[in-house]
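Overview (structure and organization)
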Amino acid sequence: GIAPEKVHVIPYGVRLDKFTPTEPPPADSFQVLFAGQISLRKGIPYLLEAFARLRHPRKRLTLVGSLQDDLRPLLATLPTEDVTFTGSIPQPQLARRMSASHVLVLPSIEEGFGLVMAQAMACGCPVLASSATGAEHLFADNEAGFIVEPRDIGALADRLQQLADDPALQQQLSAAALACVQQIGGWERYGGQWDTLLHSL
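Residues numbered from 1 in each chain as written. Predicted model: local features only at pLDDT ≥ 70, side-chain atom pairs only at ≥ 80, totals over all residues. Heavy atoms only, no water.

What follows concerns a nonpolar patch on the surface. Nonpolar side chains collect at one region of the surface, where Ile2, Val7 and Val9 lie side by side and expose about 300 Å² of accessible area between them. Relative to the helices and strands, valine 7 is located in the segment before strand S1 (30-35). Residue valine 7 is classed as partly exposed on the basis of its relative accessible area, which comes to 48%. (Patch = residues over 30% accessible without salt bridge, like charges linked within 9 Å, V, L, I, M, F, W, Y side chains within 5 Å. Areas by Shrake-Rupley, 256 points an atom, 1.4 Å probe, with all protein chains shown as cover. Salt bridge = Lys/Arg side-chain N within 4 Å of Asp/Glu carboxyl O. Helix = DSSP H or I, 4+ residues; strand = E, 2+ residues; numbered from the N terminus. Buried < 20%, exposed > 50% of the residue type's maximum accessible area, 1.4 Å probe, protein only.)

Below is the structure:
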């Protein structure tokens, strides 16, 4: 119901001075990362179920963020083998984890915009996100990451398996993710685009 000329999309910037590749993911394991509130809204049950289906001899899912009360009663019923909960960590430590991970997964069922996606991409970490995260404003599916429908455990598992089975694909998506975010630019460019838009209005 909104006239197209009234809609303007300005993607969030990234602190490119803070989020940058520092160390490559290990070649002898498959590291999956989630960053954000560990809650139902973020689709954590679907991520845990999908990760349990992943076949890899040395897989690890790390969930960074605070555990929310709505998820606590369900955790005992969900698969958590090879899963680590770190709690909240400082941003420099998060950036290093992003750099050393093969993929960041954001399977939210409802989201404003997941800034952690752009932060991960700035670290060279591909993103596997649901279509409820605003991912399509950052990258195209299959180009710098993957976009699946919310609550689709099968699609999450399939994309994780695809990345785990194909290191060359992971490296290809990593390079594309980094280039994509660098093209979007940092917060200074974001502010400049806002300034230009507001003056034009």
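It is worth spelling out the pattern of salt bridges at this point. This structure, assessed with the given rule, holds five salt bridges. Arginine 15 serves as the salt-bridge partner of aspartate 17, at 3.0 Å between the closest nitrogen and oxygen. On the basis of relative accessibility, which here comes to 53%, the residue aspartate 17 falls in the exposed class. Ionic pairing is found between glutamate 110 and arginine 41, a salt bridge with its closest N-O pair at 2.5 Å. With glutamate 110 in the loop between strand S4 (103-106) and helix H4 (115-122) and arginine 41 in the loop between S1 and helix H1 (44-53), this pair connects stretches of sequence that are 69 residues apart. Residue classification places arginine 41 among the partly exposed positions, given a relative accessible area of 32%.

This part covers the packing of helix H5 (residues 153-165) against helix H6 (residues 167-184). Axis separation between H5 and H6 bottoms out at 5 Å; the angle between their running directions is 105 degrees. Viewed along their axes, H5 and H6 adopt a mutual orientation that is roughly perpendicular. Across from Gln162, Leu163 and Asp165 in H5, the residues of H6 making contact are Pro167, Leu169, Gln170 and Leu173. The residue makeup of the contact of H5 with H6, split by class, is four nonpolar, two polar and one charged. (Axes fitted to C-alpha atoms, helices over the stretch in contact; angles between N-to-C directions. Parallel < 35°, antiparallel > 145°, perpendicular 65-115°, else oblique. Contact = heavy atoms within 4.5 Å. Nonpolar A, V, L, I, M, F, W, Y, C, P; charged D, E, K, R; others polar.)

Our next topic: unusual backbone geometry. The backbone of aspartate 82 shows a phi angle near 65 degrees, a positive value even though the residue is not glycine. Take aspartate 82: it is sitting in the loop between helix H2 (72-75) and strand S3 (83-87). For asparagine 142, which is not glycine, the phi torsion reads 75 degrees and is therefore positive. Looking at where asparagine 142 falls in the secondary structure, it is placed in the loop between strand S5 (127-130) and strand S6 (145-148).

We now examine the pairing of strand S2 (residues 59-64). With five of six residues buried, S2 is to be regarded as a mostly interior element. In terms of strand pairing, S1 meets S2 through six bridges, oriented parallel. Looking at S2, one finds that phenylalanine 34 is bridged to leucine 63. In this region the chain leaves S1, passes through H1 and returns to the parallel neighbour S2; the handedness of that crossover is right-handed. Two strands pair when backbone bridges link them, and S2 and S3 are joined in this way by four bridges, in the parallel orientation. Residue pairing for S3: valine 64 is matched across the bridge by glycine 87. (Pairing = 2+ DSSP bridges. Right-handed = clockwise from strand over helix to strand, strands pointing away.)

The sheet built from six strands is open, its strands ordered S3-S2-S1-S4-S5-S6 with parallel pairing. A strand with exactly one partner marks an edge of an open sheet, and here the two such strands are S3 and S6. Between one strand axis and the next, the sheet turns by 20 degrees as a mean value, whatever way the strands run. H1 contacts S1, S2, S3 and S4 of the sheet and is inclined by roughly 170 degrees relative to S2. Packing of H4 onto the sheet brings it into contact with S1, S4 and S5, and relative to S4 it is tilted by some 175 degrees.

What follows concerns the environment of glycine 114. Inspection of the secondary structure assignment puts glycine 114 in the loop between S4 and H4. Given a relative accessible area of 4%, glycine 114 falls into the buried group. Expressed as a C-alpha distance, the spacing of glycine 114 and aspartate 28, which sit 86 residues apart in the sequence, is 29 Å. Setting aside residues up to four positions removed in sequence, glycine 114 forms contacts with Leu106 and Thr133.

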